[in-house]
Every structure is written in C-alpha cells, then in structure tokens.
Amino acid sequence: MSRLPVVFFGHGSPMIALEQNHVTRAWRAIADRIARPRAILCVSAHWLTQGTAVTGMVAPRTIHDFGASFPQALFNVQYPAPGDPGLAQRVAKLLAPMPVGIDRDWGLDHGTWSVLRHCFPDADVPVVQLGMDIAKSPLDHWQVGERLRPLRDEGVLIIGTGNIVHNLREMDWGNPDAPPYPWAARFNAAMLEAVVEDRPEAVIDYRSLGTDATLSVPHPDHFWPLLYVLGARHAGEAAVLDPDFIHHKSLGMTSIVIGAA
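Quick summary incoming for the structure in this document. This structure is a prediction, so every number in the text was calculated from the model and none was measured.

Cut-offs applied
- Residues numbered from 1 in each chain as written.
- Predicted model: local features only at pLDDT ≥ 70, side-chain atom pairs only at ≥ 80, totals over all residues.
- Heavy atoms only, no water.
- Helix = DSSP H or I, 4+ residues; strand = E, 2+ residues; numbered from the N terminus.
- Rg over C-alpha atoms; globule rule 2.2 N^0.38 Å.
- Buried < 20%, exposed > 50% of the residue type's maximum accessible area, 1.4 Å probe, protein only.
- Contact = heavy atoms within 4.5 Å.
- Lys, Arg positive; Asp, Glu negative; His and termini not counted.
- Charge placed at Lys NZ, Arg CZ, Asp CG, Glu CD.
- Polar contact = N/O pair within 3.5 Å; in protein donor to acceptor, adjacent residues only side chain to side chain.
- Pairing = 2+ DSSP bridges.
- Salt bridge = Lys/Arg side-chain N within 4 Å of Asp/Glu carboxyl O.
- Axes fitted to C-alpha atoms, helices over the stretch in contact; angles between N-to-C directions.
- Parallel < 35°, antiparallel > 145°, perpendicular 65-115°, else oblique.
- Left-handed = near helix turned anticlockwise from the far one by under 90°.
- Expected span 1.5 Å × (residues − 1).
- Arc of directions from axis to C-beta.
- 1 Å grid on protein atoms, 1.4 Å probe; cavity = no way out; pocket = protein on both sides within 12 Å on 5 of 7 lines; lining within 4 Å.
- Points joined across faces, edges and corners; volume = space filled by probe spheres on them.
- Nonpolar A, V, L, I, M, F, W, Y, C, P; charged D, E, K, R; others polar.

### Considering the overall build of the chain
Point 1. Helix and strand counts for the chain come out as 9 helices and 11 strands.
Point 2. The C-alpha atoms of the chain give 17 Å as radius of gyration, which agrees with the globular expectation for 261 residues (18 Å, within 12%).
Point 3. Viewed in the frame of its principal axes, the chain has a C-alpha envelope of about 45 × 45 × 35 Å.
Point 4. Counting every position in the chain, which comprises 261 residues, the buried fraction comes to 57%.
Point 5. Considering only contacts within the chain whose residues lie at least 6 apart along the sequence, 82% involve residues at least 24 apart.
Point 6. Charge-centre separation for the chain: the mean point of 21 positive side chains lies 4 Å from the mean point of 27 negative side chains.

### Structural notes on the side chain of Ser-250
Point 1. Inspection of the secondary structure puts Ser-250 in the loop between β9 (246-247) and β10 (251-252).
Point 2. From its side chain, Ser-250 meets the backbone oxygen of Asn-167 in a polar contact 2.8 Å long.

### Quick word on the pairing of strand β1 (residues 6-10)
Point 1. Within β1, 5 of the 5 residues are buried, which leaves it mostly tucked inside the rest of the structure.
Point 2. The alternating pattern of β1 places Val-6, Phe-8 and Gly-10 on one face and Val-7 and Phe-9 on the opposite face, and all of these are buried.
Point 3. Across 5 bridges, β1 lies against strand β7 (residues 156-162) in parallel orientation. Looking at β7, one finds that Phe-9 is bridged to Thr-161.
Point 4. Looking at chain direction, β1 and strand β11 (residues 256-258) are connected through 3 bridges and run antiparallel. In the sheet register, Val-7 faces β11, and the bridge partner there is Val-257.

### What to know about the pattern of salt bridges
Point 1. Across all of its chains, the model carries 11 salt bridges by this definition.
Point 2. With a closest N to O distance of 3.3 Å, Asp-124 and Arg-36 form a salt bridge. Taken together, the residues Asp-124 in the loop between α4 (110-119) and β6 (127-133) and Arg-36 in the loop between α1 (22-33) and β2 (39-44) connect sequence positions 88 residues apart.
Point 3. Note on Asp-124: relative accessible area 37%, which makes it partly exposed.
Point 4. You can call Arg-36 exposed: its relative accessible area is 52%.
Point 5. Between Arg-199 and Glu-197 there is a salt bridge whose closest N-O contact spans 2.8 Å.
Point 6. Each of Glu-193, Glu-197 and Arg-199 takes part in a single network of salt bridges with overlapping partners.

### What to know about the packing of α1 against α4
Between two packed helices, what matters for the description is the angle formed by their axes and the separation of those axes.
Point 1. In the contact formed by α1 and α4, the axes pass within 8 Å of each other and the chain directions differ by 65°. The orientation of α1 relative to α4 falls into the category roughly perpendicular. Considering the relative orientation of α1 and α4, their crossing is right-handed. For the pair α1 and α4, the contacting residues are Thr-24, Trp-27, Arg-28 and Ala-31 in the first and Ser-114, Val-115, His-118 and Cys-119 in the second.

### Notes on α1
Along an α-helix, residues three or four positions apart point the same way, because every turn accommodates 3.6 residues.
Point 1. Across its 12 residues, α1 extends 16 Å between first and last C-alpha, which sits within 8% of the 16 Å expected from 1.5 Å per residue.
Point 2. Regarding α1, the residues found buried are Val-23, Thr-24, Ala-26, Trp-27, Ile-30 and Ala-31. With its buried residues spanning 160° around the axis, α1 presents them on a single face. Exposed and facing more than 90 degrees away from the buried side of α1 are Arg-25, Asp-32 and Arg-33.

### Structural notes on the layout of surface pockets
Point 1. When its volume is computed, the largest pocket comes out at roughly 420 Å³.
Point 2. For the largest pocket, the lining is made up of 24 residues, of which Gly-12, Ser-13, Pro-14, Met-171 and Leu-251 are closest to its centre.
Point 3. Its residues assigned to classes, the lining of the largest pocket shows 11 nonpolar, 12 polar and 1 charged.
Point 4. The space that makes up the second largest pocket amounts to roughly 170 Å³.
Point 5. Lining the second largest pocket we find Ser-2, Arg-3, Leu-4, Pro-5, Arg-33, Ile-34, Ala-35, Val-240, Val-257, Gly-259, Ala-260 and Ala-261.
Point 6. A breakdown of the residues in the lining of the second largest pocket according to their chemical character gives 8 nonpolar, 2 polar and 2 charged.

Read these as layout, nothing more, since geometry by itself doesn't imply function.
Below you can see the structure in the form of structure tokens.
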C-alpha cells in the first residue's frame, strides 16, 4: 500500500457539521484526492487526557460535546463509524514504553465527526481517536506524532483537527468576514511559513512569538493537533494549504495536506 498523506483540518464551530460551504467542499476534495484508508487515527482538540490514551471500542459513540444553545439538529447528528481495537493496540505498541491507556468510554467528539461527516459521509472507515496528554510539552506532542509515522505506510490516515489561531474571547461573532487582527495575521503567517518550509522547530517553539502567540493560542488545545501532524511528516514532504483564512478575526480555518502524491 502506498504511503498516505497526513492532514490538519481547521475545524471551526460545531455548526460546520450541518453546513455546505467552501470549507466543507474543500474538505471533501481533500478526501477525494486521498486513497481510501483502511482506518483513520484522529487527534482532536477536544480530547485532553491525563496520560496518553487511545479509543479501543468496536463501536464508538457520537459525542455531542457542546452547549445547549446549539440547535437540536446538531444534537441529532450521528456518525456511526466503527472503531478499530487492533489499531488502538498498534498505536500503543508504537508509543511503547510510553504508557497508553485503551479507552472504552470516550468515542468520537465533534472535533472528529464534524469534519469526517464531510470527508467520509458514509461513516464506513474505522476511526480511532488519540487523546492529548495535558502534561506533555509541545516537543513531546510532536514526538508522539513522529513515532506514529509508520502508520502512514499501513493504510492509516492520520489527521489532526483544531485551529492555528483560536481565540474565542476576541472573536467578532457578528462579522465573520472581518479582516483578522494584526496579531492573528502575523502569528498565522509565521506558523504557515514554518510549515511550508518544513521547519517544525519553529512551530514547536511557537511561544517565542510572544504576545502574538499568547493572543492567538490562549490555550494550546486547538494548536497541539498540528504538532502531531507535523511529527508524522517525513522530511521534505510538501505541504498544501487549502482553505487558508481567518474567520471572525481570530479563528484560523486553514487546512494543511502534507505528503499528498
């Protein structure tokens, strides 16, 4: 089997699960360009764990991990993709001797299914989620991704879902197309330049950008999935950015495909 690419999706609001727009069309186009995977390993911004964990159930539940203010139609969404306990065990083996918990309670959160229901709408590709250990450093997260690289040659599509810029407090909720804050634009540009030039050390050391980083990444949960994706990259693989924009002034919606044929 040929090597699969690795993908980062800037996933935005859970409402994107119900929408059809240029972002969701771009996501589907990404999936259409990729050879059908035997399974998907997803690192979602919405699963933070004590220690590293991986979902190991046969039939993961669809988790509606958002507030009651969202419409009932969103709570009605189900993404009944099967799990893959064998892949969970393979992940644990690749990360050994790091302890990896096999979780049978979590399931698929909206960071995963809001993207996958556009990319693989039939929900017929097995999906496993990898939890992000909150005690790990940015370098640690990158190194976990590095150790997962062999999966790309085993028919597993590794994806991360989050946002490079993610500051909900500063968002202009009423003006989605407003120009980004200067600090958001600078930080996003610096990170994407490092991605395109294959300089992962600059992304790992994102905090060195000072105030721009503090404002763009006030909490690292949405940024960390990018580090897993970059860790799973082989040196010299090209990165393609599409779509690439900042929504509501401080929500990055960039998706990155690395290593596509």
